[in-house]
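# Observations on the model geometry
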Amino acid sequence: MTLNNRHLVDPNDLTLDELHQIIDLGLKMYENPKAYREICKGKILGTLFYEPSTRTRLSFESAMLRLGGTVLGFSDANTSSAKKGESIADTIRVLDDYADILVMRHPREGAPRLASEFSTVPIINGGDGGHQHPTQTLTDLITIQKYRGSIENLKVAFCGDLLFGRTVHSLLKTLSRFPNISFVLVSPPELKIPYHLRDELLQEYKVEIIETSSLDEYLPEIDILYMTRIQKERFFNEEDYIKLKDSYILNKDKLKKAKEDLLILHPLPRVNEISYDVDDDPRAKYFDQAKLGIYVRMALMALLLGVA
Ligand code: CP
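Each value, and the rule that gives it
- Residues numbered from 1 in each chain as written.
- Predicted model: local features only at pLDDT ≥ 70, side-chain atom pairs only at ≥ 80, totals over all residues.
- Heavy atoms only, no water.
- Patch = residues over 30% accessible without salt bridge, like charges linked within 9 Å, V, L, I, M, F, W, Y side chains within 5 Å.
- Areas by Shrake-Rupley, 256 points an atom, 1.4 Å probe, with all protein chains shown as cover.
- Salt bridge = Lys/Arg side-chain N within 4 Å of Asp/Glu carboxyl O.
- Helix = DSSP H or I, 4+ residues; strand = E, 2+ residues; numbered from the N terminus.
- Buried < 20%, exposed > 50% of the residue type's maximum accessible area, 1.4 Å probe, protein only.
- Pairing = 2+ DSSP bridges.
- Axes fitted to C-alpha atoms, helices over the stretch in contact; angles between N-to-C directions.
- Contact = heavy atoms within 4.5 Å.
- Near = heavy atom within 4 Å.
- Polar contact = N/O pair within 3.5 Å; in protein donor to acceptor, adjacent residues only side chain to side chain.
- Nonpolar A, V, L, I, M, F, W, Y, C, P; charged D, E, K, R; others polar.
- Domains from an automatic or database assignment.
- Right-handed = clockwise from strand over helix to strand, strands pointing away.
- Buried area = accessible area lost by both parts, 1.4 Å probe.
- Phe/Tyr/Trp six-rings, centres within 6.5 Å; stacked < 30°, edge-to-face > 60°.
- Lys NZ or Arg CZ within 6 Å of the ring centre and 35° of its normal.

## A few points about a nonpolar patch on the surface
- A cluster of nonpolar side chains, namely Leu72, Val94 and Tyr98, defines an oily patch on the protein surface of about 250 Å² accessible area.
- Inspection of the secondary structure puts Val94 in helix H3 (residues 88-98).
- The exposure class of Val94 is partly exposed, given its relative accessible area of 33%.

## Let's talk about the sheet that holds strand S3 (residues 101-106)
- Spatially, four strands are ordered S2-S1-S3-S4 in an open sheet, and the strand pairing comes out parallel. Each having just a single partner strand, strand S2 (70-74) and strand S4 (123-128) make up the two edges of the open sheet. With strand direction ignored, the average angle separating the axes of adjacent strands in the sheet is 15°.
- Contacts from helix H2 (residues 55-66) reach strand S1 (44-49), S2, S3 and S4, with the element oriented near 175° to S1.

## Looking at the site of the ligand
- Looking at the ligand, the residues that line it are Ser53, Thr54, Arg55, Thr56, Arg105, His133, Gln136, Pro267 and Leu268.
- Interatomic distance of 2.7 Å between a side-chain N/O atom of Thr56 and an oxygen atom of the ligand.
- A distance of 2.9 Å separates a nitrogen atom of the ligand from a polar atom in the backbone of Pro267.
- Bound to the protein, the ligand loses 91% of the 260 Å² it would expose on its own.
- Looking at the shell around the ligand residue by residue, the class counts come to two nonpolar, five polar and two charged.
- There are two domains that each give the shell around the ligand at least three residues, and those are domain 1 (11-132 + 293-304) and domain 2 (135-290).

## Description of the pairing of strand S7 (residues 208-212)
- Bridge count between strand S6 (residues 181-186) and S7: five bridges; the pairing is parallel. Considered in S7, the bridge of Val184 is made with Ile210.
- In terms of handedness, the path from S6 via helix H7 (residues 195-204) over to S7 forms a crossover that is right-handed.

## Let's talk about the domain arrangement of the chain
- Taken domain by domain, the chain holds domain 1 (11-132 + 293-304) and domain 2 (135-290).
- Between the C-alpha centres of domain 1 and domain 2 the distance comes to 25 Å.
- On the side of domain 2, 24 residues touch domain 1, which itself brings 31 residues to the contact.
- In this assembly, domain 1 packs against domain 2 so that about 2300 Å² is buried in total across both faces, 57% of it on carbon and sulfur atoms.
- Looking only at domain 1, the three residues that lose the most surface to domain 2 are Asn12, Ile23 and Arg55, adding up to 23% of its buried area.

## Focus: the pattern of salt bridges
- Tallied over the entire structure, the rule returns 15 salt bridges.
- With a closest N to O distance of 2.9 Å, Asp253 and Lys256 form a salt bridge.
- Under the relative-accessibility criterion, Lys256 is labelled exposed at 66%.
- Because the salt bridges share partners, they merge into one network encompassing Asp10, Lys173 and Glu200.

## Things to note about the packing of aromatic side chains
- Using the criterion set out here, one finds five aromatic pairs in the structure.
- Between Phe158 and Tyr226, the ring centres sit 5.3 Å apart and the planes meet at 50°, which makes this aromatic pair tilted. Separated by 68 residues along the polypeptide, Phe158 in strand S5 (residues 154-159) and Tyr226 in strand S8 (residues 224-227) bring together distant segments of the chain.
- By relative accessible area, Tyr226 is classed as buried at 0%.
- Every member of this aromatic cluster is reached through a ring pair, and the members are Phe158, Phe183 and Tyr226.
- Taking the ring centre of Tyr147 as reference, the NZ or CZ of Lys146 above it sits at 5.3 Å.
- Lying across the ring of Tyr147, Lys285 places its NZ or CZ 4.7 Å from the centre.

Following this line, the structure appears as structure tokens:
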């Protein structure tokens, strides 16, 4: 089965071979972008963003423009007919005639899955509520592949909001399918990963998990540190957010205990969970990660459109 004309709603829509295929093509595009600058000539990307975004929307737009295609879309649901009460189904029935491929971000979990049921063109999930963010996962994986040389035999720590963080949920599920990966899950007790995901990781994927509230204790033994922000927009009240917002702040001093070849990743945006004094540490790769996000999205769209 090829990737041509498929949807990407959940990272599990892709086999391990397909994940490697997208990552390998993304790295080729990164090394030699000129070779691909016309392969999407005549193609249109539609961006349907019902929730704010900087990286996901603009890296998709940049990706399509670098492939020679064009883009249309909205970045605020209030400027679309969703404001007048139009359903996702009706919006998609119209927009799949306006564009050749659609990326959707939505605050409601499952909205991109619903869209995929009505679309005649590929739908890509650009993040749905606290659920999944598969193209961030591709971005994370291409960064690990580029800077570690492979995605195996790694102890990966996730730190911050593990309850609501869709980037965390997607990457945990996906990394669990790679060889010999174990996890250290660092969060305040209120923001531990959801029970259903914990059960899935332990029972279905049989990965080793340590759950802790101490980053310092495990920092010396981890290979990848995936920091996340405490997400204000997912809290039901401000008081809970204020109590937890400064739970973890990574700084230069703390990193003295970490491995020399640690990779520090973050899906961004950052608020204050990584001090600016970490940015010039060679282990800090979060801005390189955001850049690689363009190339892995170029590869994904080229494969879904059947032009690569
Ligand atoms: N990482 C990420 O999804 O960033 P944006 O919210 O800016 O798209």
